[in-house]
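Breakdown of the fold
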Amino acid sequence: MLARTGIVPAARASPLAAAIAPPLRSPTILIARRTLATRPHPLASRVTPKGPVPAGKTPSHLRARPQRLSVLSAILLASLTGSLTYALGRQEASSKAGPTKEYKDPTLDGFTKALDEIRAWLSDEDLDTSRDTLVAHGYNEWAAHGPTGLPGAVLYPRSTEDVVKIVQTAAKYSIPLIPYCAGTSLEGHTTALGYANNPSEKDAQEKLARDGHVEVDDLVPGLALVLDFAQNMNNIVSINSHDLDAVVQPGVSYDALNAELKERGIPLFFPVDPAPGAQIGGMIGTGASGTNAVRYGTMRDNVLNLTVVLASGEVIKTRQRAKKSSVGPDLSRLFIGAEGTLGIVTEATLKLAPLLPSTVAVSSFPTIAAAAAAARDLVQHGISLACIELLDDVMVDATNQQAGKGARTWPVKPSLFLKFSGTKEQMAIDIERTKKITQSNEGSGFAFARNDKEAEEIWHSRKIALWSALEYLKGAKCWVTDVCVPLSRFPELITETKADIDSEGIVGPIVSHAGDGNFHALLLFRTPDELVKVERLVHNMVERAQRMDGTATGEHGVGIGKKPYVEAELGAGTVQLLRDIKRQMDPQNILNPGKLIPDEKGEEKRMAH
Ligand SMILES: Cc1cc2nc3c(=O)[nH]c(=O)nc-3n(C[C@H](O)[C@H](O)[C@H](O)COP(=O)(O)OP(=O)(O)OC[C@H]3O[C@@H](n4cnc5c(N)ncnc54)[C@H](O)[C@@H]3O)c2cc1C
């Protein structure tokens with residue numbers, strides 16, 4: 001079923017390759033012939049080819065038709081209307097509140113005209129329709145959803161003005177636009193699906209019905225345009241060290257920003273750390289977090305201001321650079337986690353945090369419940385740990401197996417990877433209190449990194465858990481999923497999920513931002529039967545988390561994969577508010593259509609609502 005032949009040439013040099021490649025192993029060949037084992041339900045398939053580095057993740061980088069209603073007032077109006085409606089339970093009235101605009105679905109003729117118009121001013125090197133590039137952008141190695149859809153072209157804008165011109169042209173011909181940064185999102189966020197007349201999706205569905213599976217390499221291009229920011233809009237605009245902030249373009253990766261701060265000798269860092277290589281535009285898109293979130297928060301807490309190109313082509317700034325502001329609601333947050341469906345971010349002002357000395361320790365526990373309880377107690381006792389990461393025994397085993405020669409390995413038991421940071425005196429106090437709390441939860445072997453290099457290696461091994469998991473079960477693919485619950489429910493959630501995984505006989509390492517009550521299961525499968533079990537496990541995990549007053553996704557976002565769970569979590573009124581905001585801001589539905597926002601019952605798939 002999972003044929004693999006040949007090698008996929010990367011369309012352009014990948015910015016992720018260097019960042020992600022596990023340093024302790026030799027690189028593995030990238031997979032060429034990628035097969036989609038898919039079924040129509042968005043959660044029913046998994047298409048990840050195994051490999052340590054994403055194949056051909058292309059690096060790379062906005063104005064408008066005047067809108068009568070000013071955009072800010074539109075948003076506020078939509079919000080107020082929606083809130084009031086929700087409060088009154090008048091959802092039906094709300095659903096009719098959007099603007100009435102004539103629907104126009106994209107056509108091949110319109111797509112060709114749009115591309116010709118863009119070609120007239122965008123340089124050849126910034127417009128790519130080669131198959132490798134389309135596949136690299138339409139197909140996500142880690143997203144557990146299919147069928148996948150290819151875009152029709154990939155554009156590499158160089159400025160906000162470029163994006164504006166592209167948006168205006170796309171709006172003229174109703175062409176879908178998919179903003180793209182590093183492509184590490186996990187729920188099908190950037191796949192080119194979700195609009196009417198999509199030849200790529202139609203083709204995939206037909207092949208699926210006929211053959212029972214779809215080969216990515218056989219998919220035909222669609223009518224969407226991908227806007228890739230990694231290549232040309234990857235500049236740090238300014239670093240304001242006295243103000244503890246930096247202004248960056250969307251294609252700057254968080255690790256590149258931190259490397260630049262280090263190189264310039266500025267003792268500050270940007271704390272949000274999802275996949276190595278992930279970029280600010282994409283991190284805003286998913287509302288990302290990571291290992292540091294327990295102390296520093298998520299993207300929602302670390303963005304001061306955004307420059308956004310709206311579907312109308314209008315350019316707005318959400319705030320000024322001041323650390324706090326009481327001028328109205330924080331509209332930056334409207335775009336954080338919006339997955340590119342409400343606007344295209346072309347610049348962001350980010351908060352920076354002081355870089356403090358740190359050290360890393362690992363403690364083992366007899367059961368995952370004990371490890372989870374220790375994490376909960378550490379937070380409840382107010383110990384200001386920088387990171388509290390939980391790995392189950394399987395994940396520790398997988399991590400050990402990837403450790404290079406001479407590198408440290410750990411007892412194959414559920415473990416907490418802890419990062420302390422602060423002054424020496426603060427750390428000494430935190431370490432003593434942490435030891436007591438872990439011991440009171442049956443923790444043992446409180447082992448410290450012997451030096452900075454070892455600390456870095458230990459943390460890197462945590463960051464590349466996905467690749468370690470893939471190496472752990474030869475020939476397997478991985479369905480990565482995340483959920484999050486209130487901290488008091490965390491031990492119960494993780495214990496039940498682990499038991500569920502074991503009872504299905506699935507190898508599914510667990511890795512968790514335990515201090516936030518957030519964990520990932522990396523569910524491995526090799527056969528269609530195992531895929532069915534994995535799908536069930538994901539479904540159970542999400543329902544379990546939602547029952548516990550938690551969420552279907554703590555940080556990965558909705559994309560297409562978690563759309564079926566949004567309404568159960570937010571309620572019909574809130575979902576209707578989301579639709580109303582979308583309708584108000586993007587009446588033609590050209591911005592990343594088909595993602596995040598559940599379709600209305602009985603709604604036909606079409607460009608506009
Ligand atoms: C190994 C691994 C580990 C991971 N660990 C974590 C983790 O710890 N925490 C976490 O939160 N996530 C994690 N992720 C998921 C992923 O890294 C995050 O979702 C990340 O935020 C995606 O960034 P990206 O640059 O790859 O975005 P992309 O995948 O390119 O895009 C993500 C979304 O943002 C939108 N978007 C992109 N650019 C813009 C823009 N300029 N304007 C508006 N919208 C835009 C896209 O349309 C898409 O909807 C992990 C993934 C992997 C593979």
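Procedures and definitions
- Residues numbered from 1 in each chain as written.
- Predicted model: local features only at pLDDT ≥ 70, side-chain atom pairs only at ≥ 80, totals over all residues.
- UniProt positions renumbered as here; feature names shortened; annotations may be inferred.
- Pairing = 2+ DSSP bridges.
- Helix = DSSP H or I, 4+ residues; strand = E, 2+ residues; numbered from the N terminus.
- Contact = placed C-beta atoms within 7 Å.
- Axes fitted to C-alpha atoms, helices over the stretch in contact; angles between N-to-C directions.
- pLDDT = per-residue confidence, 0-100.
- Near = placed C-beta within 6 Å.
- Nonpolar A, V, L, I, M, F, W, Y, C, P; charged D, E, K, R; others polar.
- Expected span 1.5 Å × (residues − 1).
- Parallel < 35°, antiparallel > 145°, perpendicular 65-115°, else oblique.
- Left-handed = near helix turned anticlockwise from the far one by under 90°.
- Core = buried A, V, L, I, M, F, W, Y, C linked by C-beta atoms within 7 Å.
- Buried ≥ 20, exposed ≤ 12 C-beta atoms within 10 Å, placed from the backbone.

Looking at an unreviewed UniProt entry, the protein carries the name D-lactate dehydrogenase (cytochrome), with the source organism given as Rhodotorula graminis. One UniProt comment on the protein, placed under Sequence similarities (unreviewed entry), says "Belongs to the FAD-binding oxidoreductase/transferase type 4 family." Taken verbatim from the UniProt record of the protein, the Subcellular location (unreviewed entry) comment is "Mitochondrion".

**Observations regarding the sheet that holds strand S2 (residues 127-128)**
Strand order across the open sheet formed by 4 strands is S2-S3-S6-S4, with mixed pairing between neighbours. With one partner strand each, in any of the chains shown, S2 and strand S4 (177-180) form the two edges of the open sheet. Across the sheet, helix H5 (residues 131-138) lies against S2, strand S3 (153-155), S4 and strand S6 (225-228), angled at about 80 degrees from S3, the strand it touches most. The strands touched by helix H6 (residues 160-173) are S3, S4 and S6; relative to S6, the strand with the most contacts, the crossing angle is about 170 degrees.

**Overview of the sheet that holds strand S12 (residues 344-351)**
Ordered by their spatial adjacency, 5 strands build an open sheet running S7-S8-S12-S10-S11, and the pairing between neighbours is antiparallel. Each of the sheet's edge strands pairs with one partner strand only, and the pair in question is strand S7 (236-240) and strand S11 (315-317). Across this sheet, the average inter-strand angle for adjacent strands is 10 degrees, counted without regard to direction. The pairing of S7 with strand S8 (residues 245-248) spans 4 bridges and is antiparallel. Counterpart to Ile239 in the pairing with S8 is Ala246.

**Some remarks on the confidence of the model for the protein**
The share of residues in the protein with pLDDT of 70 or more is 81%, and the mean pLDDT across the chain is 83. A low-confidence stretch, residues 1-100 stays under pLDDT 50, and its non-local contacts, those more than four residues away or across chains, total 266 contacts. Confidence over residues 604-609 falls short of pLDDT 50; this stretch has 23 contacts with residues more than four positions distant or in other chains.

**Thoughts on the site of the ligand**
Around the ligand, the structure places 35 residues, and the nearest of them are Ala275, Gly281, Gly282, Gly285 and Gly340. Counting residues per element, the ones that place at least two in the shell around the ligand are S4, helix H9 (280-286) and S12. Looking at which element gives the most residues to the shell around the ligand, the answer is H9, with 5 residues. Each residue belonging to the shell around the ligand can be placed in one class, and the counts come to 17 nonpolar, 15 polar and 3 charged.

**Details of helix H16 (residues 452-463)**
Relative to the 16 Å expected for 12 residues at 1.5 Å per residue, H16 spans 16 Å between its end C-alpha atoms, a close match to the ideal helical length. At its buried positions, H16 is contacted by strand S14 (358-364), strand S15 (387-391), helix H14 (393-402), strand S16 (415-421) and helix H17 (465-472).

**Some details on the packing of helix H18 (residues 490-504) against helix H19 (residues 528-547)**
Taken N-terminus to C-terminus, the directions of H18 and H19 make an angle of 165 degrees; their axes are 10 Å apart at the nearest point. With respect to H19, the element H18 is oriented roughly antiparallel. Remark: the crossing between H18 and H19 carries right-handed chirality. Judged by residue contacts, Leu493, Glu496, Thr497, Asp500, Ile501 and Glu504 of H18 engage Lys533, Leu537, Asn540, Met541, Arg544 and Ala545 from H19. Partitioning the contact of H18 with H19 into residue classes produces 5 nonpolar, 2 polar and 5 charged.

**Points about the nonpolar core**
In terms of nonpolar packing, the biggest core is built from 86 residues, with Val167, Ala170, Ile175 and Leu227 touching the most fellow members. Ranked by residue count, the leading element in this core is H6, at 7 residues. The residues touching Ile175, leaving out its near neighbours within four places in the chain, are Pro106, Gly110, Phe111, Ala114, Ala170, Leu223, Ala224, Leu225 and Ile590.

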